[in-house]
Amino acid sequence: MRKKLIRVLILLILVCGYMYLNLKLHAVYYAHYTPHKEGVEPVLMELVDSLYWAATPDIEGISYDYDGPRAILNSNYKGESIPSFTSFEGLKYRYCDNSDLAFTFDSKFQISRVYNGKTNSLESTDVDVNAIKRDIYKVVQPVIDAQSKPLLFNLQWLYDLLNKDRFN
């Protein structure tokens, strides 16, 4: 009886460990297919939130920052600065374009602030949000494309269950 209990516990630990790793390693893939409210960008949010776990390929011009806020920087675009997309503990996201504008998004991916680095002042938040999101996707798309889908078990249902409040 005791051996069976130990075997069941070991099996339970292995299954839970596999599920945890599967959800962490393939979070960007799952975020692509998760239901979400209009305006929320689960792929972008999950990409920088789970940057430690996501596939980060060596792509020329793209670098990653894991110290403090997680960030993806893409120096393949000509401009005054290097475009970057950053996550601050999943509470805020910031996109800095190559013309010294910084767009801050809240946890539901709505623009909360626009900062102009040239004039050191806050700008009006009345901007074309869809154009900014397209720019962000251009900066991080090579990293998104490098993410793989799960090999054995697709746990999309579990990912959706765990993140339904986050993206809605």
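Structural data are supplied above this passage.
Please read these numbers as outputs of a predicted model, since none were measured by experiment.

Observations concerning the sheet that holds strand 5 (residues 101-105)
Piece 1. One open sheet accounts for 7 strands, arranged 1-2-3-4-5-6-7; its pairing is antiparallel. Only two strands of the sheet have a single partner each, and these edge strands are strand 1 (62-65) and strand 7 (121-123). Averaged over all neighbouring strand pairs, the angle between strand axes comes to 20°, with direction disregarded.
Piece 2. Pairing of strand 1 with strand 2 (residues 70-74) involves 4 bridges; the strand directions are antiparallel. Each residue of the ladder has a partner; that of Tyr64, found in strand 2, is Ile72.
Piece 3. Here helix 3 (residues 42-49) sits on the sheet in contact with strand 2, strand 3 (84-88) and strand 4 (92-96), set at roughly 75° to strand 3.

A short note on the nonpolar core
Piece 1. Ile72, Phe85, Tyr95, Phe105, Phe109, Ile136 and Val140 are the most contacted members of the largest nonpolar core, which totals 34 residues.
Piece 2. Contributions of two or more residues to this core are made by helix 2 (27-33), helix 3, strand 1, strand 4, strand 5, strand 6 (111-116), helix 4 (129-145) and helix 5 (156-163).
Piece 3. Sort the elements by how many residues they give to this core and helix 4 lands first, with 6 residues.

Observations regarding helix 4
Piece 1. With 17 residues, helix 4 ought to run about 24 Å at 1.5 Å a step, and its terminal C-alpha atoms sit 23 Å apart, in line with that.
Piece 2. Along helix 4, the helix axis deviates most sharply at Val139, where the bend reaches about 50°; the proline Pro142 sits within four residues downstream.
Piece 3. For helix 4, every residue scored as buried is listed here: Ile132, Lys133, Ile136, Val139, Val140, Val143 and Ile144.

Remarks on the environment of Tyr30
Piece 1. Assignment of secondary structure puts Tyr30 in helix 2.
Piece 2. Along the chain, Tyr30 and Asn154 lie 124 residues apart, while their C-alpha atoms are 8.7 Å from each other.
Piece 3. Setting aside residues up to four positions removed in sequence, Tyr30 forms contacts with Asn22, Leu23, Pro150, Phe153, Asn154, Leu155, Gln156 and Tyr159.
Piece 4. Separated by 2.5 Å, the side chains of Tyr30 and Asn22 make a polar contact.

Calculation rules
Residues numbered from 1 in each chain as written. Predicted model: local features only at pLDDT ≥ 70, side-chain atom pairs only at ≥ 80, totals over all residues. Heavy atoms only, no water. Pairing = 2+ DSSP bridges. Helix = DSSP H or I, 4+ residues; strand = E, 2+ residues; numbered from the N terminus. Axes fitted to C-alpha atoms, helices over the stretch in contact; angles between N-to-C directions. Contact = heavy atoms within 4.5 Å. Core = buried A, V, L, I, M, F, W, Y, C linked by side-chain atoms within 4.5 Å. Buried < 20%, exposed > 50% of the residue type's maximum accessible area, 1.4 Å probe, protein only. Expected span 1.5 Å × (residues − 1). Bend = angle between axes of the 7 residues up to and from the residue. Polar contact = N/O pair within 3.5 Å; in protein donor to acceptor, adjacent residues only side chain to side chain.

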